[in-house]
Amino acid sequence: MASNLEKFLLEGKTFEWALRHCQGDDLSPERIQEIRDSLAKDGIDLATLATLRQLNTYMARSAYPSVKRIDHSQYYFFPIPAFDIEVFFSVFITERGCDLGAELFPSKVDWQFGHREVQYVIGGEVKTDLIVSDNTKVTRTVRYGDVVAAPAGANFITHSTEEGGKFGHAHIFLANEGGVTGKSYYDVGGMLRLQTLGLVDPPPGEAALPFSDIGDRIQVKACHELLEVHEGRERDLPTWLRSGWERREVMRALDYAEGTKRVVLSSPDRGPSDFIEWGEGVRKCHVNPLIAEHTAAVTDCRFPAGYKRLHVDQELWTVLKGQATIKQSVPPLHSEWAERTVQENDAMVAAGGAHFQVLEATPDFVVRRMAESCARNQHHAMMELKLEEEGVPKNL
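A brief look at the structure comes next. All of these numbers come straight from a predicted model, not from anything done at the bench. (Residues numbered from 1 in each chain as written. Predicted model: local features only at pLDDT ≥ 70, side-chain atom pairs only at ≥ 80, totals over all residues. Heavy atoms only, no water.)

**Here we look at the overall build of the protein**
Now for step 1: Along its length, the protein carries seven helices and 22 strands.
Now for step 2: For 396 residues, the compact-globule estimate of 2.2 N^0.38 gives 21 Å, and the C-alpha radius of gyration of the protein, at 21 Å, lies within 12% of that figure.
Now for step 3: On the principal axes, the C-alpha backbone points of the protein span a range of 65 × 50 × 40 Å.
Now for step 4: By residue count, 53% of the 396 residues in the protein fall in the buried class.
Now for step 5: For the protein, the share of sequence-separated contacts (at least 6 apart) that also reach a separation of at least 24 residues comes to 76%.
Now for step 6: Accessible area for the protein stands at about 17400 Å²; split by element, carbon and sulfur atoms hold 50% of it.
Now for step 7: Taken together, the 44 basic and 58 acidic charged side chains of the protein have centroids lying 4 Å from each other. (Helix = DSSP H or I, 4+ residues; strand = E, 2+ residues; numbered from the N terminus. Rg over C-alpha atoms; globule rule 2.2 N^0.38 Å. Buried < 20%, exposed > 50% of the residue type's maximum accessible area, 1.4 Å probe, protein only. Contact = heavy atoms within 4.5 Å. Areas by Shrake-Rupley, 256 points an atom, 1.4 Å probe, with all protein chains shown as cover. Lys, Arg positive; Asp, Glu negative; His and termini not counted. Charge placed at Lys NZ, Arg CZ, Asp CG, Glu CD.)

Laid out in structure tokens, this is it:
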């Protein structure tokens, strides 16, 4: 075992590398057998995976630029009797410091988050009590198309079920923490997928968990619908404006020191043709910031063909519309490039410190960018530009 582990680590065969085998979309029976034979040849089984996971130390490594299609045919059903909760759960991407997947709650849920999380709501119109760590409580209606950013410790209590033909609360969830030394929370999803897809054997005497196809229970399956503007929706201003425009930088610094203390809700308020110009020359794109908090930042972005830039901090990108071919260098040496053609419903890791090139893109190519914080990749400045354009500071 010791010699095998030394060989794996020298060859870069880490825990994330093993999970990456189940994240591709080309998983025909022949491809599954090919991967299975390759892993078996290396001696990689569940015991080895568990050992590699323990060796996943906080080294300065960037997330790999993985791409995975978001679909709703391969969920796991998890009843959690201790909390009287039932959830359908699917993980699409697990990389260093970031996770992306989807969940459906078919009935009432009372749950407290142990970490910060962003949700792109894809189902339901749900009355929700939101209680944060200082015991502040607000009740909001969370609808499909909304974007929600929750700080660690937030308590969600949803008051809805799928009864009567209604859609339950469903969302794409995203966690992005710590950059190159970050944390991942949902690696269990990848471990289970490896077994269900037949890439590794389940524990002796146990069967792999089955997938559930819940496509008919998801309200929004095409991501372009998340760009729709709904008039009259609740859209929170950034919490760092609570003492006015003139004191915004002081309030942001306080948020960065203490953490955002509330759940923030927003949704698109303008179409892609009205996005705001950001950057110059080959670095120019068009943006519409939705959330800019210490907790997280979410910005819709229209990238043109020919766009080139180094993004210092990692992000999770979800393609909402159109198609593009994107090339990323792999930090820190940039001697390797990963080229991906992505389209609507694809999720992608935008690696921190990577050089990005949009080689080709349809005119309607739009991605939703999720950063760890609005302090990363200038998301706070994008929001300030939008607020100034809209005249919001004059009203504070």
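After that view of the structure, there is still more to cover.
**Some thoughts on the state of the cysteines**
Now for step 1: What the rule picks out here adds up to zero disulfides.
Now for step 2: Not engaged in a disulfide, the cysteine Cys285 finds its nearest cysteine sulfur in Cys301; these two sulfurs lie 3.6 Å apart.
Now for step 3: Since its relative accessible area comes to 1%, Cys285 is described here as buried.
Now for step 4: Sulfur of Cys374: no disulfide; nearest cysteine sulfur belongs to Cys301 and is 17 Å away.
Now for step 5: Relative accessible area serves as the criterion here: at 0%, Cys374 is assigned to the buried category. (Disulfide = S-S within 2.5 Å.)

**Things to note about the sheet that holds strand β7 (residues 125–131)**
Now for step 1: The strand order β5-β10-β7-β8 describes an open sheet built from four strands, whose pairing is antiparallel. Each edge of the sheet is formed by a strand with only one pairing partner; in this case those strands are β5 (109–112) and β8 (137–143). Averaged over neighbouring strand pairs, the angle between their axes works out to 20 degrees when direction is ignored.
Now for step 2: For β7 and β8, the ladder comprises seven bridges, and the chain directions are antiparallel. For Thr128, the partnering residue across the bridge sits in β8 and is Arg140. (Pairing = 2+ DSSP bridges. Axes fitted to C-alpha atoms, helices over the stretch in contact; angles between N-to-C directions.)

These figures come from the coordinates and say nothing about function on their own.
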